[in-house]
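Residues per chain are reported as follows:
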Amino acid sequence: KVSSGRVVIQWAAPADGETFTYTIYRDGVPYAQTEDPNFVDTSVDPQTYYYYAVTATGSDGTLASSNQLLVAVPSESGALPTAPPPAPPADPGRY
C-alpha cells in the first residue's frame with residue numbers, strides 16, 4: 001500500500017512458525033529490521049520513487065532475499081513522480 005507520506009510492505013510469514021529477522025533495504029541500503037512480516041515506512045517524501053527489498057535471516061542463519069519492489073509515492077493531490085532512478089544492485093544479501 002502506498003499513500004502520500006507512507007509505504008506499507010507486507011510478506012508471508014513462514015507457515016511453520018519459525019522466527020525470522022527481516023532486514024528492509026531502501027534504495028540498496030539497510031534501512032530497518034523487524035521480526036514482523038510487515039513494515040511501515042513513514043519517512044518518505046511525496047512524488048518520490050523508492051526501491052525496497054527484504055532479506056529474511058532464520059535462527060539457524062539461513063538467508064533468503066526478496067525481489068526489489070519499486071514504489072512511487074504520490075503527492076497529496078495524487079500526482080506521481082516523473083522518472084524512476086536507476087535500480088540499486090539486485091542482491092540485497094551483498095549490501
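These figures come from a predicted structure and were not determined experimentally.

Engineer: Looking at this structure, how should I read the environment of S3?
Structural biologist: Within the secondary structure layout, S3 lies in strand β1 (residues 2-3). With 65 residues separating them in the primary sequence, S3 and Q68 have C-alpha atoms 19 Å apart. In this view, S3 contacts V73 and P74; residues no more than four positions away in its chain are not counted.

Engineer: Mind showing me how you'd approach the pattern of salt bridges here?
Structural biologist: Two side chains carrying opposite charge are able to pair once their charged atoms lie near each other. Going through the model one piece at a time under the given rule, you end up with one salt bridge. The salt bridge partner of R26 is D41, with a shortest N-O separation of 2.9 Å. In this pair, R26 sits in strand β3 (residues 20-26) while D41 sits in strand β5 (residues 38-41), placing the two residues 15 residues apart along the sequence. There is no split in this pair, since R26 and D41 are both buried.

Engineer: Mind showing me how you'd approach the nonpolar core here?
Structural biologist: Buried together is how nonpolar side chains tend to be arranged in soluble globular proteins. Grouped together as the largest cluster of nonpolar side chains are 14 residues, with contacts concentrated most on V7, W11, Y22, I24, V44, Y52 and V73. Listed by contribution, the elements that provide at least two residues to this core are β2 (6-10), β3, β6 (48-58) and β8 (69-73). Residue contributions to this core peak at four residues, all from β6. When near neighbours in sequence (up to four residues on either side) are disregarded, V44 contacts G5, R6, V7, R26, Y50, Y52 and V73.

Engineer: I keep staring at the layout of surface pockets and nothing clicks. Help me out?
Structural biologist: One way to see where empty space is left: roll a probe the size of a water molecule over the atoms. Each pocket or cavity is described by its volume, and for the largest pocket that value is around 170 Å³. What lines the largest pocket is a set of 15 residues, among which W11, A53, V54, T55 and S66 lie closest to the centre. Listing elements by their share of the lining of the largest pocket, those giving two or more residues are β2, β6 and β7 (63-65). Among the elements that make up the lining of the largest pocket, the one with the highest residue count is β6 (five residues).

Conventions we followed
- Just so you know, the residues in each chain are numbered from 1, in the order the chain's sequence is written.
- For this predicted model, a pLDDT threshold of at least 70 governs which residues receive local features, and a threshold of 80 or more governs which side-chain atom pairs are given and counted, while totals over whole chains, interfaces and linings are taken from all residues.
- Calculated side-chain values reflect all of the structure's heavy atoms, with hydrogen atoms and water omitted.
- Helix and strand assignments follow DSSP, with helices taken as H or I runs no shorter than four residues and strands as E runs no shorter than two, numbered in order from the N terminus.
- Two residues qualify as a contact provided that any one of their heavy atoms is within 4.5 Å of a heavy atom in the partner residue.
- Salt bridge, as used here, is a side-chain nitrogen of Lys or Arg placed within 4 Å of a carboxyl oxygen of Asp or Glu.
- Note on classification: 1.4 Å probe, protein chains only; a residue is buried when its accessible area is under 20% of the maximum for its type, exposed when over 50%, partly exposed between these limits.
- Nine residue types can take part in a nonpolar core, namely buried Ala, Val, Leu, Ile, Met, Phe, Trp, Tyr and Cys, and a core is a set of them joined through side-chain atoms within 4.5 Å.
- Detection works on a 1 Å grid of protein atoms alone, calling trapped sets that fit a 1.4 Å probe cavities and calling open sets with protein on both sides within 12 Å along at least five of seven lines pockets, with lining residues defined by an atom within 4 Å of a point.
- Grid points are joined across faces, edges and corners, and a volume is the space filled by probe spheres set on the points.

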